[in-house]
Each structure stands twice: as structure tokens, then as C-alpha cells.
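Single-letter residue listing:
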Amino acid sequence: MDKLIKIKNLIKEFPIQKGFFNKKVGAVHAINNISLDIYKGETLGLVGESGCGKTTTGRCVLGLEIPTSGTILFDDIDTNNCDTAQKKELKKRMQIIFQNPYSSLNPRMTIGDTLKEPIAIHKHFSKSEIDTNIKKLLDVTGLPSTVLNKYPHEFSGGQRQRIGIARALVLNPEFIVADEPVSALDVSIQAQIINLLQNLKKELGLTYLFISHDLSVVQYISDRVAVMYLGEIVELAYTEELFNNPKHPYTQALLSAIPTPDPNNSASKRILLAGDIPSPANLPEGCKFHTRCKYVMDICRKEIPPAYNVQDNHQAACYLCRED
Ligand code: SF4
């Protein structure tokens, strides 16, 4: 499979400033040297606790955040080192679906105007061509044409997310960052939106970076899954392999927390993590997970574990996976 996106040694820090002169007194280390490829036509799930850097990763890929260092290549174009014309082109090819469809829609614009705005900015279509495109878009996202004259507050959460998806598709993108796209929705609506995303991927040949903390959803929709902890990718594998054979203690703990129909069974297997997640402004030395890991060894406190190959296409950054 061809690689659509190549992320190399990505680091993103946010400065902590204090005082009258906004002196830099520290930094929040949101992403700590991650390297990751996303293949054309795949859905890559990105999971981890809140604040682990999932959303910042997606925003860096889209160019909404400028990386502190590292490179991101989209179809071999360096997203942070390209000319204005290329940047404009990239904005068409990459889009985002937000977590909260209500706050991501302008309450003072009708849905018709919201959908037409990007076309008017990026493409030179006649009015009838724009109307035909919008009609097609409503068809594929399962929305009636009556939505066009309405405002966001007139819709339910599920309908608003369909509108958010329609807006993301307006410019025929190839790649979409879906940032917790169903976590603000009722469970009954979540399935509809997930199935819609699956169908659109097949019909339109899309590639997704699917960000979520809900492992059941990620298991259902993703081809591969990357697990993040404190700004690092700690495990990466094909979905079935990761869920059947998790190697990193953090992944094992995350998977053990997925609810099962048998409460007695799930309670006996649940791995409880001790302590809180450390502050990204004050990261631990060595393995970032060592403060909560029951297998911690001396080396874990001093050196960052590299990503070991567990099997073909399965890597875990843990000294337990080292072959001595
Ligand atoms: Fe635990 Fe050490 Fe593995 Fe980190 S490297 S997850 S501390 S065993």
C-alpha cells in the first residue's frame, strides 16, 4: 500500500509563559518525537487517555498547529515547508470532522451557506454546478434538501454531525481527521455515524485518522491502531492483532477496561493503573509509563524504550518486548 502521510520525529511543545514580559518558564510537551505512516485508503485509529496528544497530532497533520520540530509529508509534500499555492491545495485535500458538531457550525449561517462557502473560496464553479454538488453531498450523507435553509440549532446531534461530515466532504478531500466524531452523540446515533463514515470511505476512497478514547468504536472502524501515552506512540499494530495480542502494559490496561456483557468476567481481568497520568509539563525520565507500570525495571526509569518489532507490522515501545 502507498503511504499518503509520513510523520517523522514530530515534536510539539507549547510554551508556558509567566510575568509581565511573558517569559518562557517551561513547556507542555504535547507530542514527543513520534514517527508514523498513514497508508492510502486505510483508517488509522489513534487512542489514548485525554490529554495524551491525539488531537494535537491530528492538528499538526492538518497544519492547524506548527510543529516544534520534525516533518510531515502529505503525498511527499512537506506540509510545513511548502509554498502558498501548495498550502491552499493541501487544505482542499485534507479536512477535519470535529467532536462537537454544534460548536463547529456557525449558528448565524444556514446549512446551505455553510456548505457553499468552501466551494466559493476554493473552486470556480457556476451557481448551478455548486447546487448540483451540494445536492450530491446531501445524498451521500443522508440529509434531505430541506436542511439547506435551516440553522444549526434546528437539528439533533446526529443530524448536526451529518452536516459536519457533509461540510468536511465539500471539497472532495482524500484525507480526513475524525476527532472524536461520535463521542458527543447518543449511543444509538453513534452507530449510524460510524456506518456512514465506513460507507463514505468505500464510496469515495477516503483515508481517515480516527481519533478516539472509545476502544470499541476504534476496534470496529480501524484497520490499524496506534496507542498514545503522554505524547508518544507506545504500540502500533493491525486492529485484530492489537486487540488479541496487546504487548505494551498500557495497551493491556486500556483493553481490560472495555466493558463486556459479563460483569463478573470483566472485573476479574480488569487491570487498574496506579497513580495519575504525569503532567506533560513535567515528564518522567525514561519510559513515560514507568510511574504507573507494575513491570517497571531499573532501565525503564533511565532510558526511553525504542519501538521493538513484536511481529510483522506490530511494534511496542517496551523493554518487555526486547529480545535478549
Ligand atoms: Fe513498563 Fe518498563 Fe515497559 Fe515502560 S518499558 S511499559 S516501565 S516494563
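What you see is a predicted model, and the numbers here were worked out from it, not measured in a lab. (Residues numbered from 1 in each chain as written. Predicted model: local features only at pLDDT ≥ 70, side-chain atom pairs only at ≥ 80, totals over all residues. Heavy atoms only, no water.)

Draft legend 1. Local environment of the overall build of the protein. A tally of helices and strands in the protein yields 11 helices and 12 strands. Across the 324 residues that make up the protein, the buried fraction comes to 48%. Look at the contacts in the protein between residues 6 or more apart in sequence, and 63% of them connect residues 24 or more apart. In the form shown here, the protein has an accessible surface area of approximately 16600 Å², with 49% of it arising from carbon and sulfur atoms. For the protein, the centre of its 37 positive side-chain charges and the centre of its 36 negative side-chain charges are spaced 5 Å apart. (Helix = DSSP H or I, 4+ residues; strand = E, 2+ residues; numbered from the N terminus. Buried < 20%, exposed > 50% of the residue type's maximum accessible area, 1.4 Å probe, protein only. Contact = heavy atoms within 4.5 Å. Areas by Shrake-Rupley, 256 points an atom, 1.4 Å probe, with all protein chains shown as cover. Lys, Arg positive; Asp, Glu negative; His and termini not counted. Charge placed at Lys NZ, Arg CZ, Asp CG, Glu CD.)

Draft legend 2. Local environment of the sheet that holds strand E1 (residues 3–18). As summarised here, the arrangement of the 4 strands in space is E2-E1-E4-E5, forming an open sheet in which the pairing is antiparallel. Two strands close off the open sheet at either side, each with one partner strand: strand E2 (23–39) and strand E5 (77–78). Helix-sheet contacts for helix H1 (residues 54–62) involve E1, E2 and strand E4 (69–74), and the interaxial angle to E1 is about 115°. (Pairing = 2+ DSSP bridges. Axes fitted to C-alpha atoms, helices over the stretch in contact; angles between N-to-C directions.)

Draft legend 3. A look at the nonpolar core. Core analysis: the largest hydrophobic core is formed by 58 residues, its most contacted members being Leu 115, Ile 165, Leu 197, Phe 210 and Val 227. The residues touching Leu 115, leaving out its near neighbours within four places in the chain, are Ile 134, Leu 137, Leu 138, Leu 148, Ile 163, Ala 166, Arg 167 and Val 170. Among the nonpolar cores identified, the runner-up in size contains 30 residues, and Ala 30, Phe 175, Ile 211 and Met 228 belong to it. (Core = buried A, V, L, I, M, F, W, Y, C linked by side-chain atoms within 4.5 Å.)

Draft legend 4. Main features of the side chain of Glu 235. Tracing the chain through its elements places Glu 235 in strand E10 (residues 232–238). No salt bridge is formed by the buried Glu 235; the nearest opposite charge belongs to Lys 247, separated by 7.6 Å. Here the side chain of Glu 235 touches Thr 251 through a polar contact of 2.8 Å, side chain to side chain. Other than its neighbours up to four places away in sequence, Glu 235 contacts Val 225, Ala 226, Val 227, Leu 242, Asn 245, Pro 246, Lys 247, His 248, Thr 251, His 314, Gln 315 and Ala 316. (Salt bridge = Lys/Arg side-chain N within 4 Å of Asp/Glu carboxyl O. Polar contact = N/O pair within 3.5 Å; in protein donor to acceptor, adjacent residues only side chain to side chain.)

Draft legend 5. Expanded view of the packing of aromatic side chains. In total, this model carries 6 aromatic pairs according to the counting rule given. Grouped by ring-pair contacts, the aromatic residues Tyr 229, Tyr 250 and Phe 289 constitute a single cluster. (Phe/Tyr/Trp six-rings, centres within 6.5 Å; stacked < 30°, edge-to-face > 60°.)

Draft legend 6. Seen up close, the pairing of E1. In terms of strand pairing, E1 meets E2 through 13 bridges, oriented antiparallel. Paired with Phe 14 across the two strands is Val 28, which belongs to E2. Counted between consecutive antiparallel strands, the loop separating E1 from E2 contains 4 residues, among which Gly 19 sits at a positive phi close to 85°. In this structure, E1 lies alongside E4, joined through 5 bridges in antiparallel fashion. Within E4, the residue paired with Ile 5 across the bridge is Phe 74.

Draft legend 7. Highlighting the site of the ligand. In the vicinity of the ligand, the contacting residues are His 248, Pro 249, Cys 287, Phe 289, His 290, Cys 293, Tyr 295, Cys 300, Pro 305, Cys 318, Tyr 319 and Leu 320. The pocket occupied by the ligand, as judged from atoms lying within 2 Å of grid points, is the largest cavity. For the shell around the ligand, the per-class residue count stands at 10 nonpolar, 2 polar and no charged. (Near = heavy atom within 4 Å. 1 Å grid on protein atoms, 1.4 Å probe; cavity = no way out; pocket = protein on both sides within 12 Å on 5 of 7 lines; lining within 4 Å. Sits in = over half its atoms within 2 Å of the grid points. Nonpolar A, V, L, I, M, F, W, Y, C, P; charged D, E, K, R; others polar.)

Draft legend 8. Highlighting the packing of helix H5 (residues 157–169) against helix H6 (residues 187–204). In contact at an axis separation of 10 Å, H5 and H6 are set at 20° when each is read in the N-to-C sense. Compared by their axis directions, H5 and H6 come out roughly parallel. Taken as a pair, H5 and H6 cross one another with a handedness that is right-handed. Residues Gly 158, Gln 161, Arg 162, Ile 165 and Leu 169 of H5 lie in contact with H6, whose contacting residues are Ile 189, Gln 192, Ile 193, Leu 196, Leu 197, Leu 200 and Leu 204. (Parallel < 35°, antiparallel > 145°, perpendicular 65-115°, else oblique. Left-handed = near helix turned anticlockwise from the far one by under 90°.)

Draft legend 9. Local environment of the sheet that holds strand E8 (residues 207–212). One open sheet holds the 8 strands; their spatial order is E6-E7-E8-E3-E9-E10-E12-E11, and the pairing between them is mixed. At either margin of the open sheet sits one strand with a lone partner, and together these are strand E6 (94–97) and strand E11 (308–311). Here the strands of the sheet are splayed against their neighbours by 20° on average, with no regard to which way each runs. Bridge count for E11 against strand E12 (residues 314–316) is 3 bridges, and the pairing is antiparallel. By the bridge assignment for E12, Gln 311 is matched with His 314. Each of strand E3 (43–47), E6, strand E7 (175–179), E8 and strand E9 (224–229) touches H1; the most contacted strand, E8, lies at about 155° to it. Here helix H9 (residues 249–256) sits on the sheet and contacts E9 and E10; the angle it forms with E9, its principal contact strand, is near 105°.

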